[in-house]
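# Close look at the chain arrangement
For reference, the chains in residue letters:
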Number of protein chains: 2
Amino acid sequence: MKHPITALQFDLHPWQVSTSEWNNDSAMHQETLFAVANGYLGTRGTMEEQHGNNHQSCEGTYLNGVYSREKITYGEVAYGYASHNQKMLQVPNGKVIQLEIDGQRAHIQDAQSSCRTLDLANAVFSRTMHWQSASNKKITLQSDRFASLSRPNLLCIRIQLEAVNFEGKVKLSSLLDADYGFAANPDDPRVGQLNMAESLQLITSEVKDLQASMLHRVRGSSFVVSSAISHTLPDNVKSVTEIHHNQQIGFDYELELKANQPVTLIKYVSYQHSEQDNPATLEQHNKQLLDEASQLGWQPLYQEHQQQVADFWLHSDVEINGDPALQQGIRFNLLHLFMSAGKNGKSNIAAKGLTGHGYDGHYFWDSEVYVVPFLLASNPALARQFLSFRYQTLDAARQRARQMSHKIGALYPWRTIGGEECSAFFPAGTAQYHINSAIAHAIKAYFNATRDWDFMCRQGAEMLFETARLWVEIGHFSARHNGQFCIDMVTGPDEYSALVNNNFYTNAMAREHLQFSVTIAKRMQQDYPEQFGQLCQDISLQPQEWKLWAQAADKMYLAFDDELGINPQDDSFLDREKWDFDNTPAEHYPLLLHYHPLVIYRHQVLKQADVVLAMYMLDDKFSLDLKARNLAYYEPLTTHDSTLSSCIHSIEYAETGDFQLAYQFYHDTVRMDLDNLHGNTEHGVHTACMAGSWMGIVHGFAGVRYRNDELYFAPHLPASWQSYRFNLTYLGRHIQVGVEAEQVSYQLLSGEPLCITHVDAKIELVPHQTITVSL
Amino acid sequence: MKHPITALQFDLHPWQVSTSEWNNDSAMHQETLFAVANGYLGTRGTMEEQHGNNHQSCEGTYLNGVYSREKITYGEVAYGYASHNQKMLQVPNGKVIQLEIDGQRAHIQDAQSSCRTLDLANAVFSRTMHWQSASNKKITLQSDRFASLSRPNLLCIRIQLEAVNFEGKVKLSSLLDADYGFAANPDDPRVGQLNMAESLQLITSEVKDLQASMLHRVRGSSFVVSSAISHTLPDNVKSVTEIHHNQQIGFDYELELKANQPVTLIKYVSYQHSEQDNPATLEQHNKQLLDEASQLGWQPLYQEHQQQVADFWLHSDVEINGDPALQQGIRFNLLHLFMSAGKNGKSNIAAKGLTGHGYDGHYFWDSEVYVVPFLLASNPALARQFLSFRYQTLDAARQRARQMSHKIGALYPWRTIGGEECSAFFPAGTAQYHINSAIAHAIKAYFNATRDWDFMCRQGAEMLFETARLWVEIGHFSARHNGQFCIDMVTGPDEYSALVNNNFYTNAMAREHLQFSVTIAKRMQQDYPEQFGQLCQDISLQPQEWKLWAQAADKMYLAFDDELGINPQDDSFLDREKWDFDNTPAEHYPLLLHYHPLVIYRHQVLKQADVVLAMYMLDDKFSLDLKARNLAYYEPLTTHDSTLSSCIHSIEYAETGDFQLAYQFYHDTVRMDLDNLHGNTEHGVHTACMAGSWMGIVHGFAGVRYRNDELYFAPHLPASWQSYRFNLTYLGRHIQVGVEAEQVSYQLLSGEPLCITHVDAKIELVPHQTITVSL
């Protein structure tokens, strides 16, 4: 609880985030929040008419899974270091529609008033601006924008202009702009660097028939990107002039406005990329898409988009009554997750979604540990797409294991887009072998929630086995630990310790990974002998290997400190000095930006949940007492400098009965980005934390667990709430759970009857029947 | 003993290194060996007439203590990382004298025969080459070259030409060349990168009166460098043409040769640098120096140079009878040490001396741990200069401690030239806090060998105290270790483990450092109260601080493993798996170039002596039995991938009575560079290893130690030797020690009578009397 809660910037509407204030300091933060995306393309909430000079703004339009690639420069290189970085591709900005009256450009910062709203129910960003020129002409601009959830390549923009007190000419300049950039802070390792000119090489551009398009080659990779815009104009356009700047193309439109007669201009922007295709085909697809969009028109396009959003909410909505800030927050978070999540099996979800270039748009374990649980419970098919993405990159993981001098197996990268390890910081990134177990854990969770043997036989088992091999590569049975299986020189989730021996989280997760791999090997051998035989042949898997996995799991060293009655985070954690929190000024957080890593490593201080995360991930391996003792020991040492920390603490406090702390951490989780609690939302939202706001209510307050092959519930209502309600998808069923002060109701909205456990009672859910249980 | 001994490239002459073979593969190795230097300027043994195209060569002329400075780029930066690198300055090459006959350039690679010799007695590099042109003209070229040890700015070159079978014109082009470079291997962290054009910015150049000069500004620093050449010509020069290329200036000389009438051209090259001076003054100094040299002429300049070399050998020579390879090797090594050692208190000795750009010309702890012992025993005034260099950079060390988030004290850099930390690899470089104790150890050794209170009061004590403070900053009394003082997250000398807790070497050296600091504080307080009071005021030192140092030293945690009867290298070393040496192919050494650091860290495998080094440094803190057990445990785990390792092992094997192994390691130490045993002498000699060849005979075979405030000897003659003899300077005495099969003789060549200990007998040495003791 280190971060003060700042004043609210937004009205607390349950289905929208809206503000009528604009100020320079929060401009970039709000650009992040007002981003729209559809899993493939995302664009920040900057203004069509663009910001004025000397005003803060960070333009950005991104394509998920598409990246530039450049060699990493090291001050001092060592064997096996990651060689290249991949950066989420920043594509030409197609949003630009500059507005000019009497030679003066309109900007939000000198508007008389303005209002911006993200409509959470419909995934549309809308704006209104009242502006007056120096020549005293008043105009109202209204715009709507959505990244089509039904057509992933398409961004739709509608601008309405109304002359309030004049008649006459205004100029609109609609551009496709490939010449923008942003100077990031080079000393903050969490911020990605951006240089558009360095990453995009123009091949061709064309301007004609109200359409403009560019074709770029992405430097350092084989990607080719086509970007295009088209327009549907109002009748009163008096002249059209083509614009052919070097990397800026488009049209100037001169409109003749009549007072109080609004006119509407619609702009479609579309992006296509390819690694192989003929660029000509790519451009043709783009043109086709724009032509189709123009023919269909705004309303039908909007309706098919809306339908997708409605489907999403049907299975995902969380209702919180009595806490408007959190009601707004959780819907905002869930919508952004949905908008940022790659849906094509070739992309994933970046730590910052498609809302900013922080962390260079990389995918981390955030996907598997934080986002997959939410997807599993709302859209299991999408969860499978996430796991398929990992399967697509399994070869890269094998290659990475070889680079790291491992003779066998696969090592998934700490951070990547295309599968290649991009982490240049080996004491943390490279040493975080627990990424392998996070992926195995997600495969297990997916399997438990779907029993999808098709996936397991085609992809899951191969990933499980290849990654399991790494534990035996890096661990060993230690004579000096009574023959127990020890894993040395790794970094756990808490990056404020590094290169430690027997990180508790890592060992515990490795055990689960090995055990589940053995389980699957045995069951597959029995039930799918042909596929199993083929897989063993493909990856040269011998029975003695999984016997060794079983032994390693069985003998896994999981430390327990008798004196403190807790699990030590690693072999030497408890020997270290405790961090001097009393003499650490507030402005020295996050510690990583104010202390050398060695100073941090030398102390008992945590960036984020580590043993506490293991308690959440491996739920039933800990008694409630042990959970409470671990929490009581570790939380006071935790800075929560990572946004991945608060939701886990909320869940564990809820489980161990400290609902007041659970609520505080939950509040921080849900309002993280809206209230900019970590002060860096300008670089993008925190998708793991957003997913944490779902976990916090479902796994935290509602106590949902997967235990003994069944769903388990132990709901609790936070004191300040009237009630809450959420949806769960599980083994083909759609369940809705409502929690009130005195009772909880379970409803099977679709699917076959299902047995669940409520605390210690078995309940059978049948369709169209609400079962209510007293709390 | 992992490195095969290659075929000898040189005749085994006791006072010279000479070869009449030239081949492309060993060309760069030999350029290193044939370098000449004088502590300020050094130049590699490349040919005046330069190498032909497609032949390997690494040109290099360096100024000690002068460097370019550039920002370090990190793949992922963190707080407190070293921000800039300093690179030993590569200055314009003034050696160039190209020889051309009938339009054809002469090169060594197409000579009929050639011979190159480094004269160890006189520090001169001489060459003879017989060459025949395509037009069948035979010519003999003879050259001599020395970096004047009496005039540190001056390099002298003499070329003699003799037409063997013709009369007629030849052309000599004598240049000052600022346009040369070398493409190093970017994947080998041990090799420095070089780009001359990036580091030197031409301000002015001038060519007139047989002199040519250039003035450069060094990019990224405030250094200005003046380089100049002048010539003394023979009578038969027919024409002189000035050369004014961009960064290449000089003269074309056309000579008319008569058959068998040798002619001589003398070239002086001089370099000056300044950080403040008026560049004009700098150039004037240079011109003055060249004018003086021309007026004096070759022979007087050579004689004053010779005198310096003779003085050096008088106090430094080591005679080995019966082992020509080692006799040659040790003299070669000692001469290179002398030539590379900075002598002005503002420079030090680079890991590669002034012979190559390996490690960017950085100074490491090699200076204090390896080179200072030799200097102390041969030239204590020079040893003081080395320590003064550290005092000059104490402010930078204080600043570094602040950057590393330490509130107090000074942290010397792992690698530097001007004092700033240049190590970009924090798990090793930055974490090697033992650099502080190495400097304290050298101060202690200097003090023991000189009782120089003047130095101690002016510089030594301040360095000791400021660096001692760091131990209390990073260590702590650990409740979980019975209140013992523990030091976590450091890297010891063995870089094949990193970020460990309680590295034995570090803790043991820290204890000595703290104890000696307390001793000096007490004695200074008593004997030099005024200076002590002033110092305490200057650095705000409180009595409770050195009381804390005494407690920390007293409670220092120094582990001993009861089961193995050895000192564990660190808290977790013995828990690790042993490296699989049997399945490591020879070409996978050094391991650091073939395995990711994490893989190496995860095993019991050493790059170099660690506990074994502590045994050498802290001699009497170990019983002989313990030394033998430590050796027996650690040596089989040691790759000796560092050239710092073999001499220490030789010494410790000698002390524990395994003279066969002692000899093998000693052989590797002495012949390291001559025989290129690590395959990378092309980037420069290994100065620490060279100094190790002195340590190996004096501290190893002769068993010299400083014990109970006295010199202690326990000599032994290796089986294959007839005898050996060495010199020692100690407390103002010059002692010569001769060891034969049956007896050892001690002779006091100058100074007051002195008591020494021979094994267990006290001996009083008096002038002009040889004391002989039976072995």
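See the structure above.
Only a predicted model underlies this, so the values are computations on that prediction, with no experimental measurement involved. All residue numbers here refer to positions counted from 1 along the written sequence of the relevant chain. Working convention: letters from A go to chains and numbers from 1 go to ligands, in the order in which they are written. With pLDDT at 70 or above as the cut-off, local features in this predicted model cover only qualifying residues; side-chain atom pairs require 80 or more to be listed or tallied, and sums for whole chains, interfaces and linings still use all residues. Where side-chain values are given, they derive from all heavy atoms of the structure, hydrogens and water being excluded.

## Here's the deal with the nonpolar core
To keep it simple, the criterion reads: Here the nonpolar core consists of buried residues drawn from Ala, Val, Leu, Ile, Met, Phe, Trp, Tyr and Cys, with membership extended through side-chain atoms lying within 4.5 Å. For each residue, the accessible area found with a 1.4 Å probe, counting protein chains only, is set against the maximum for its type, and the residue is called buried under 20%, exposed over 50%, and partly exposed in between. Contacts are assigned to residue pairs that have any heavy atoms within 4.5 Å of one another.
Judged by nonpolar contacts, the single largest core of 477 residues is most densely connected at Phe-465 of chain A together with Phe-465 of chain B. If we ignore the near neighbours within four places in the chain, the residues touching Phe-465 of chain B are Ser-517, Ile-520, Ala-521, Phe-532, Leu-535, Ile-539, Leu-541 and Trp-549 of chain B.

## A few points about the environment of Gln-201 of chain A
Residues and elements named next belong to chain A. Let me state the cut-off plainly: Secondary structure elements are taken from DSSP: a helix is a run of H or I of four residues or more, a strand is a run of E of two residues or more, and numbering for both begins at the N terminus.
Its place among the elements puts Gln-201 in strand S13 (residues 200-208). Taking C-alpha positions, Gln-201 is 22 Å from Phe-251, a pair spaced 50 residues apart along the chain. Those residues in contact with Gln-201 that sit more than four places away from it in its chain are Leu-215, His-216, Arg-217 and Arg-219.

## A word on the sheet that holds strand S29 (residues 754-758) of chain B
All names here are of chain B. Using the following cut-off: At least two DSSP bridges between two strands are required for those strands to pair. With axes taken as lines fitted to C-alpha atoms, and helix axes fitted only over the stretch in contact, angles between N-to-C directions fall between 0 and 180 degrees.
The mixed open sheet is built from four strands, whose spatial order is S24-S25-S29-S30. Of all strands in the sheet, those with a lone pairing partner are strand S24 (705-707) and strand S30 (761-765), marking the two edges. In this sheet, adjacent strand axes meet at a mean angle of 40° when their direction is disregarded. As defined by bridge partners, S29 adjoins S30 across five bridges and the pair is classed as antiparallel. Of the residues in S30, the one forming a bridge with Ile-756 is Ile-763.

## Points about the pairing of strand S9 (residues 124-132) of chain B
Residues and elements named next belong to chain B. Note that strand S8 (residues 113-119) and S9 share seven bridges and pair antiparallel. Looking at S9, one finds that Leu-118 is bridged to Phe-125. The hairpin formed by S8 and S9 contains four residues between the paired strands, and Ala-123 there has a positive phi angle of roughly 55°. Where S9 lies against strand S10 (residues 138-147), eight bridges are found, and the strand directions are antiparallel. In the strand pairing of S10, Gln-132 is matched with Lys-138.

## Brief notes about the packing of aromatic side chains
Convention followed: Within 6.5 Å between ring centres, the rings of Phe, Tyr and Trp (the latter by its six-membered ring) count as paired, and their orientation is classed by plane angle as stacked under 30 degrees, edge-to-face over 60, tilted in between. A ring is considered to have a charge above it if a Lys NZ or an Arg CZ atom is located within 6 Å of its centre and within 35 degrees of its normal.
Under the definition given, this model contains 84 aromatic pairs over all chains. With 5.8 Å between their ring centres and 35° between their planes, Trp-365 of chain B and Trp-414 of chain B make a pair best called tilted. Here Trp-365 of chain B, found in the loop between helix H5 (324-340) and helix H6 (366-376), pairs with Trp-414 of chain B, found in the loop between helix H8 (394-403) and helix H9 (434-450); they are 49 residues apart in sequence, far enough to count as distant. Neither Trp-365 of chain B nor Trp-414 of chain B differs from the other in exposure class; each is buried. A centroid spacing of 5.2 Å and a plane angle of 80° characterise the contact between Tyr-633 of chain B and Tyr-634 of chain B, whose relative ring orientation is edge-to-face. Owing to a relative accessible area of 14%, Tyr-633 of chain B belongs among the buried residues under this scheme. In this structure an aromatic cluster arises from ring pairing among Trp-15, Phe-312, Trp-313, Phe-338, Phe-374 and Trp-694 of chain A. The ring of Trp-15 of chain A has Arg-331 of chain A lying over it, and the distance from NZ or CZ to the ring centre is 3.7 Å. Sitting above the plane of the Phe-338 of chain A ring, Lys-343 of chain A keeps its charged end 4.7 Å from the centroid.

## Regarding the sheet that holds strand S3 (residues 41-43) of chain A
Strand pairing in a sheet is mediated by backbone hydrogen bonds. Such pairs are either parallel or antiparallel. Residues and elements named next belong to chain A. A sheet is described by the order of its strands in space; here four strands give the open sequence S2-S3-S4-S5, paired in antiparallel fashion. If you trace the sheet from one side to the other, it starts and ends with strand S2 (36-37) and strand S5 (84-90), each paired once. In this structure, S3 lies alongside strand S4 (residues 61-71), joined through three bridges in antiparallel fashion. Residue pairing across strands places Leu-41 opposite Leu-63, the latter belonging to S4.

## Here we look at helix H13 (residues 543-554) of chain A
Residues and elements named next belong to chain A. This is how the line gets drawn: By this rule the span expected of a helix is its residue count minus one, scaled by 1.5 Å. Working note: the arc is built from the helix axis to C-beta atom directions.
In this model H13 runs 17 Å from its N-terminal to its C-terminal C-alpha over twelve residues, within 8% of the 16 Å that 1.5 Å per residue would give. Residues of H13 that are buried include every one of Glu-545, Trp-546, Trp-549, Ala-552 and Ala-553, and no others. Buried positions in H13, seen along its axis, are confined to an arc of 110° and lie on one side of it. Looking at H13, the residues exposed on the side facing more than 90 degrees away from the buried face are Gln-544, Lys-547 and Asp-554.

## Points about the relation of the copies chain B and chain A
In this structure, two copies of a chain are linked by a rotation about an axis accompanied by a shift along it. Our working definition: Alignment of copies: least-squares fit on C-alpha atoms of residues with pLDDT of at least 70 in both copies.
Mapping chain B onto chain A calls for a rotation angle of 180° and an axial translation of 0.1 Å; the resulting RMSD is 0.0 Å. Given the turn and translation reported, the copies of this chain are related as if by a two-fold rotation axis. In terms of proximity to the rotation axis, the leading residue of chain B is Tyr-74 of chain B, whose C-alpha is 2.4 Å off the axis. A share of 100% of the interface residues of chain B reappears at the interface of chain A, consistent with the copies meeting face to face through the same patch.

## With respect to the pattern of salt bridges
Two side chains of opposite charge can pair, provided their charged atoms sit close to one another. Residue and element names in this part refer to chain A. Under the convention used in this document: A side-chain nitrogen of Lys or Arg and a carboxyl oxygen of Asp or Glu constitute a salt bridge if their distance falls within 4 Å.
Applying the stated rule across the entire model yields 83 salt bridges over all chains. The salt bridge involving Glu-48 is made with Arg-145; its shortest N-O contact spans 3.0 Å. Taken together, the residues span a long stretch of sequence, with Glu-48 in the loop between S3 and S4 and Arg-145 in strand S10 (residues 138-147) at a distance of 97 residues. Of the two residues, Glu-48 and Arg-145, both sit in the buried class. The residue Glu-466 makes a salt bridge to Arg-398 at a minimum N-O spacing of 2.5 Å. Here Glu-466 is found in helix H10 (residues 453-474), whereas its partner Arg-398 is found in helix H8 (residues 394-403), with 68 residues between them in sequence. With respect to burial, Glu-466 and Arg-398 carry one shared label: buried.

## Quick notes on the packing of helix H16 (residues 624-634) of chain A against helix H17 (residues 646-655) of chain A
All names here are of chain A. Quick note on the threshold: In these notes the angle categories are as follows: under 35 degrees is roughly parallel, over 145 is roughly antiparallel, 65 to 115 is roughly perpendicular, and the rest is oblique. When the near helix sits turned anticlockwise from the far one by under a right angle, the crossing is termed left-handed; a clockwise turn instead gives a right-handed crossing. Think of it as three bins: nonpolar holds Ala, Val, Leu, Ile, Met, Phe, Trp, Tyr, Cys and Pro, charged holds Asp, Glu, Lys and Arg, and polar takes everything else, Gly as well.
Between H16 and H17, the shortest axis-to-axis distance is 10 Å and the interhelical angle comes to 135°. Accordingly, the angle class assigned to the pair H16 and H17 is oblique. Between H16 and H17 lies a crossing whose hand is left-handed. Touching Leu-624, Lys-627 and Leu-631 of H16 are His-649, Glu-652, Tyr-653 and Glu-655, all from H17. Looking at the contact of H16 with H17 residue by residue, the class counts come to three nonpolar, one polar and three charged.

## Details of the interface of chain B and chain A
Quick note on the threshold: By buried area we mean the combined loss of accessible area, with a 1.4 Å probe, across both parts when two parts are placed together.
Taken residue by residue, the interface counts 55 residues in chain B and 55 residues in chain A. Note on chain B versus chain A: buried area summed over both sides is about 4,600 Å², and carbon and sulfur give 58% of it. When residues of chain B are sorted by the area they lose upon contact with chain A, Glu-76, Arg-480 and Arg-602 of chain B head the list and together hold 16% of the total. Our enumeration of links across chain B and chain A arrives at eight salt bridges.

## Overview of the packing of H17 of chain A against helix H18 (residues 659-671) of chain A
Between two packed helices, the angle of one axis relative to the other and the distance separating the axes together describe the packing. Residue and element names in this part refer to chain A. Packing of H17 against H18 brings their axes to within 8 Å, and their N-to-C directions diverge by 160°. The orientation of H17 with respect to H18, classified from their angle, is roughly antiparallel. Considering only the axes of H17 and H18, their crossing is left-handed. For the pair H17 and H18, the contacting residues are Ser-646, Cys-647, His-649, Ser-650, Tyr-653 and Ala-654 in the first and Phe-659, Leu-661, Ala-662, Phe-665, Tyr-666, Asp-668 and Thr-669 in the second. Tallied by class, residues from the contact of H17 with H18 come to eight nonpolar, four polar and one charged.

## Comments concerning H6 of chain B
Most of H6 of chain B is tucked away: eleven of the eleven residues are buried. Listed as buried for H6 of chain B are Asp-366, Ser-367, Glu-368, Val-369, Tyr-370, Val-371, Val-372, Pro-373, Phe-374, Leu-375 and Leu-376 of chain B.

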